[in-house]
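Each chain, written out:
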Amino acid sequence: SLSSTPSRPLPNILITGTPGTGKTTLSQSLAEELSFTHLEVSAFVKQHSLHEGVDAEFDSLILDEDKLVDALEPLVAGGGQVVDFHSPEVFPERYFDLVLVLRSSTEALYDRLTERGYKENKRDENVTAEIMQVVLEEARESYAEEIVHEVRSDTVEEMDANVERVKAWVGQWKADNKQ
Ligand code: ADP
Ligand code: MN
């Protein structure tokens, strides 16, 4: 069908989830295994000053979404991007072929964010957001339901299974999009 006609040479994958669910760890592993580019959006925003200031209460940058989308456009056009970000709704729908939403238990997330040195308010806000599945809802509102997949990320075994699953998916994408 027309909708499966490739618009880029390789697919783009969004790895999203509440902070601490394992996006960066999974994305690094995927980028290495697939020879894709790991695009960590928070670092990219800092590097290119795609922010409008700092939210002092939550110790985080206020994103300039328009600037971010423009800066990503040429990278996304080439495909092969593993985009790592906690806010799935800031990107145009057409940027991604697969969206993975990582989910973690309250216990795992609490421990990971404490270890990371998050202030209590920021940690608790994120743990609550995970319980309320805020990121999953945002992803489902922003992309076609068949490309959004919710996956567990509590253990290393689950992480490895997620890598294998995405590798298999990319293999299938390449087979389906041979020209
Ligand atoms: P995020 O990028 O989503 O904030 P990270 O990839 O930085 O999360 O992971 C946060 C911490 O949790 C790291 O110490 C990482 O090693 C650990 N971690 C992430 N995913 C898993 C997992 N599936 N199983 C066990 N530990 C994990
Ligand atoms: Mn991260």
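Note: the structure precedes this text.
An account of the accompanying structure is given in this report.

Reading across the sheet, the 5 strands line up as β2-β5-β1-β6-β7 and stay open at both edges, with parallel pairing between neighbours. Two strands lie at the open edges of the sheet, namely β2 (37-40) and β7 (148-152), each paired on one side alone. Going from strand to strand, the sheet's axes swing by 20° on average, the running direction of each strand aside. Where strand β1 (residues 13-17) and strand β5 (residues 81-84) come together, 3 bridges link them in parallel fashion. Following the sheet pairing, I15 is matched in β5 by D84. Each of β1, β2, β5 and β6 (98-103) is contacted by helix α1 (residues 23-34), which is oriented at about 160° to β1, the strand it contacts most. Where helix α6 (residues 134-142) meets the sheet, it contacts β1, β6 and β7, and its direction lies at approximately 165° from that of β6.

Now for a negative patch on the surface. On the surface, E52, E65, D66, D70, E89, E137 and E141 cluster together into a patch of negative charge. If you list the elements that add at least two residues to the negative patch, you get α3 (65-78) and α6. Per element, the largest residue contribution to the negative patch is 3 residues, and it comes from α3. Summarising the element assignment, E89 is placed in the loop between β5 and β6. Judged by relative accessible area, which is 37%, E89 ranks as partly exposed.

The rules behind each value
Residues numbered from 1 in each chain as written. Chains lettered and ligands numbered in written order. Predicted model: local features only at pLDDT ≥ 70, side-chain atom pairs only at ≥ 80, totals over all residues. Heavy atoms only, no water. Pairing = 2+ DSSP bridges. Helix = DSSP H or I, 4+ residues; strand = E, 2+ residues; numbered from the N terminus. Axes fitted to C-alpha atoms, helices over the stretch in contact; angles between N-to-C directions. Contact = heavy atoms within 4.5 Å. Patch = residues over 30% accessible without salt bridge, like charges linked within 9 Å, V, L, I, M, F, W, Y side chains within 5 Å. Areas by Shrake-Rupley, 256 points an atom, 1.4 Å probe, with all protein chains shown as cover. Salt bridge = Lys/Arg side-chain N within 4 Å of Asp/Glu carboxyl O. Lys, Arg positive; Asp, Glu negative; His and termini not counted. Charge placed at Lys NZ, Arg CZ, Asp CG, Glu CD. Buried < 20%, exposed > 50% of the residue type's maximum accessible area, 1.4 Å probe, protein only.

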